[in-house]
Amino acid sequence: MPLRISVHLLAPSYQASTLDRDQAEWPPHPYRLFCGLVSVADPDDPVQDAALQWLERQPAPTVRVPARTTEALSPRSSWVPTNATDKKKPTHGVLPGRSAGGKPKVWPERALAEPLVEFEWPTQPPEGVLTVLQMLTRSVPYIGRATGHALLHAAVVDEDAPAAADETWQVWEPADADTRAGTCSLRAPFPGLLERLRWAHEQGQYAYQQARPQPYVLRAVEQEPREELVAAEGPYADLLSFAFPPGFSLDPSLTLKVTGALRSTVSGLLDVAGHDVDAMVAVHGHKAPGDERTLCSFVAYPFVGHRHADGRLRGLGVALPRDLDPAHRHALLGVLIGDGGLSELAIPTLNKPVALTYISPGATEVDSIKTVRPQRWTRPAREWSTALPMVLDFFPKRNGRGIEASVAASCRLAGLPEPESVEVLHSGAYLSGAPTLSQGALRRKSGERPLPGRHVRLRFARPVHGPVLLGSKKNYGLGLCLPTPASETPS
């Protein structure tokens, strides 16, 4: 029999905003409920941990909400006290009832015909797990904003009486992919979330940064396939990939040394073949002011997105721009994959050159490890997460404000569409195994500006063809992203 957690709001409104804070979140995300349960659980109680781990391993729940809701015409606003402490002089930032900057806080809200929201999982929990979940739900004081007071109740319900969807109630249920009519993306629990939330708390990160999207669709909507979204072309037309020998890998901190050596080697091969390298701006990268042409990107592939991922480099590649001069493209293909093409690379920190094996776009797992196959990095997707940290194009504002807008600007500079949403981590990464590099590993030369590196996650309105690279070191492989569609969560 299904497990149902009912949320009875004490006021006929739901107060929570979307990640961009432009509108009220609707329907409520199951992720918020799980975070609420974690917040009241005892981290030293293994019994409570076991109950939460059972819940995170279940399929995403259905969400039953009132059909008649209204978005407030203007968000609520109020002066709120800040958390600032230990100030040398009293300022508006520490006076009670005031917020830093002298501006009131605002938040969107949704008015509901019925102050009730229900989350239903298809699996009946063991009796002990149910008892613990009932105890935890009674302890959760609110959902959404802290002003959204609520009473929560967990129970096993009759399997023959599923949550109804009619003219007064809507039921959102998980979808296999985000290609159905009426689909929206909700954040939902996933295996390992409890551990990630505890880690984020220790690191001073926000809970929302650990979320993963899950496509949902209205049960009442006929689930006909919608017109397929046409994927946007990225700035690169080809990705030529080369694998290191089996069992060989490099520390990701060497990324800029590896990709710098790759660019020098490619330039040398072109020169030996009789080509005018000085005329190949896309290769040497020295553009004149106002030159909008895309440059070749020299990349290194880290092993990420797997439970055993270690972030070490397993191969490298050359991304050829879509607007590359046809003659230059022909020359690059000739020296890279033609007879006697790129077969080894001398790296400054190693005593002898590293052998390279070309991996064609049609290669399978039998032919090469998954990390080095070009289709892993080029297939179209709406969501992309950094496998190697991007180096910001601009210094962020004080206290990191506006950093998401800065990343969005980097997308435009990289020739990518405007992202629908941007998430930025101040530490850590979204993909398992993705490395965090030191400041020294983010600069090619000692005199370069010490721009910070960040791991980011992007979501576009429609799929985008890869490879996706962004940031001031995109031409040397930093800011390389892995496609992670909403229907797929990195393992």
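Just above, that's the structure.
Residues numbered from 1 in each chain as written. Predicted model: local features only at pLDDT ≥ 70, side-chain atom pairs only at ≥ 80, totals over all residues. Heavy atoms only, no water.

Caption draft 1: Up close: the overall build of the chain. Along its length, the chain carries nine helices and 23 strands. For the chain, the residues scored as buried account for 49% of the 491 residues in total. If you take every contact in the chain between residues at least 6 apart in sequence, the share linking residues at least 24 apart comes to 78%. Counting only carbon and sulfur atoms, one obtains 51% of the accessible surface of the chain, whose full area is about 23,700 Å². (Helix = DSSP H or I, 4+ residues; strand = E, 2+ residues; numbered from the N terminus. Buried < 20%, exposed > 50% of the residue type's maximum accessible area, 1.4 Å probe, protein only. Contact = heavy atoms within 4.5 Å. Areas by Shrake-Rupley, 256 points an atom, 1.4 Å probe, with all protein chains shown as cover.)

Caption draft 2: Representation of the pattern of salt bridges in the model. If you walk through the whole model with that rule in mind, you get 17 salt bridges. With a closest N to O distance of 3.1 Å, Arg198 and Asp49 form a salt bridge. Residue Arg198 is found in helix 4 (residues 193-203), and its partner Asp49 is found in helix 2 (residues 46-56); the two are separated by 149 residues along the sequence. Of the charged contacts in the structure, one is a salt bridge between Glu418 and Arg412, with a shortest N-O distance of 2.7 Å. Residues joined in a network through salt bridges with shared partners are Arg4, Arg64, Glu118 and Glu120. (Salt bridge = Lys/Arg side-chain N within 4 Å of Asp/Glu carboxyl O.)

Caption draft 3: Representation of the sheet that holds strand 3 (residues 62-66). Pairing in this open sheet of seven strands is antiparallel, and the strands run 9-1-8-3-10-12-11 from one edge to the other. Sheet topology places strand 9 (150-156) and strand 11 (183-187) at the edges, where each strand pairs with a single neighbour. Neighbouring strand axes in the sheet, compared pairwise and without regard to direction, differ in orientation by 25° on average. Both strand 11 and strand 12 (residues 213-218) contribute to a ladder of five bridges, which runs antiparallel. The residue of strand 12 that forms the bridge with Leu186 is Gln214. (Pairing = 2+ DSSP bridges. Axes fitted to C-alpha atoms, helices over the stretch in contact; angles between N-to-C directions.)

Caption draft 4: Representation of the sheet that holds strand 15 (residues 313-321) within the structure. Strand order in the open sheet made by the four strands is 14-15-13-18, with antiparallel pairing throughout. Both edges of this open sheet fall to strand 14 (297-302) and strand 18 (357-359), since each of them pairs with a single strand only. Each strand of the sheet is rotated relative to its neighbour by a mean of 30°, with strand direction disregarded. Two strands pair when backbone bridges link them, and strand 14 and strand 15 are joined in this way by six bridges, in the antiparallel orientation. By the bridge assignment for strand 15, Phe298 is matched with Val318.

Caption draft 5: Geometry of the pairing of strand 8 (residues 116-121). Summarising burial for strand 8: six of the six residues are buried, a large majority. Note: strand 1 (residues 3-9) against strand 8, six bridges, orientation antiparallel. The residue bridging Ser6 from the neighbouring strand is Glu118, located in strand 8. In this sheet, strand 8 lies alongside strand 3 in antiparallel orientation, the contact comprising three bridges. Bridge assignment links Arg64 to a residue of strand 8, and that residue is Glu118.

Caption draft 6: Seen up close, the environment of Glu173. Tracing the backbone through its elements, the reader meets Glu173 in strand 10 (residues 169-174). Assessed through its relative accessible area of 18%, Glu173 is described here as buried. The spatial distance from the C-alpha of Glu173 to the C-alpha of Arg64 is 8.7 Å, given a sequence separation of 109 residues.

Caption draft 7: Spatial organisation of the packing of aromatic side chains. One pass over the structure, following the stated rule, counts five aromatic pairs. Centroid distance Tyr206 to Tyr208: 5.6 Å. Interplanar angle 20°. Geometry classified as stacked. We classify Tyr206 as exposed; its relative accessible area is 52%. When the centroid spacing of 5.5 Å and the interplanar angle of 15° are considered together, the rings of Tyr301 and Trp377 count as stacked. Of the two residues, Tyr301 is situated in strand 14 and Trp377 in helix 8 (residues 375-378); the sequence distance between them amounts to 76 residues. For the pair Tyr301 and Trp377, a shared accessibility class is recorded, and that class is buried. Lying across the ring of Trp169, Arg64 places its NZ or CZ 4.0 Å from the centre. The residue whose ring lies beneath Arg212 is Phe190, and the NZ or CZ to ring-centre distance is 4.1 Å. (Phe/Tyr/Trp six-rings, centres within 6.5 Å; stacked < 30°, edge-to-face > 60°. Lys NZ or Arg CZ within 6 Å of the ring centre and 35° of its normal.)

Caption draft 8: Summary view of unusual backbone geometry. A cis amide bond links Trp26 with the next residue in sequence, Pro27, at an omega value of -5°. Secondary-structure assignment places Pro27 in the loop between strand 2 (13-14) and helix 1 (30-40). Following Gly466, the chain continues into Pro467 via a peptide bond in cis, with omega recorded as 5°. With respect to the helices and strands, the residue Pro467 is situated in the loop between strand 22 (453-464) and strand 23 (481-483).

Caption draft 9: Looking closely at the nonpolar core. With 45 residues, the main nonpolar core has Leu3, Val7, Phe34, Leu52, Leu55 and Val63 as its most contacted residues. By residue number, the principal contributor to this core is helix 1, which donates six residues. Not counting chain neighbours up to four residues away, the residues in contact with Val7 comprise Pro115, Leu116, Val117, Phe119, Ile143, Ala150, Leu151 and Leu152. Within the second largest apolar cluster, 31 residues are counted, among which are Phe244, Val283, Ala331 and Leu345. (Core = buried A, V, L, I, M, F, W, Y, C linked by side-chain atoms within 4.5 Å.)

Caption draft 10: Expanded view of the pairing of strand 21 (residues 421-425). A large share of strand 21 lies buried, amounting to four of its five residues. One ladder, built from five bridges, connects strand 21 with strand 22; its direction is antiparallel. Looking at strand 22, one finds that Val422 is bridged to Leu458.

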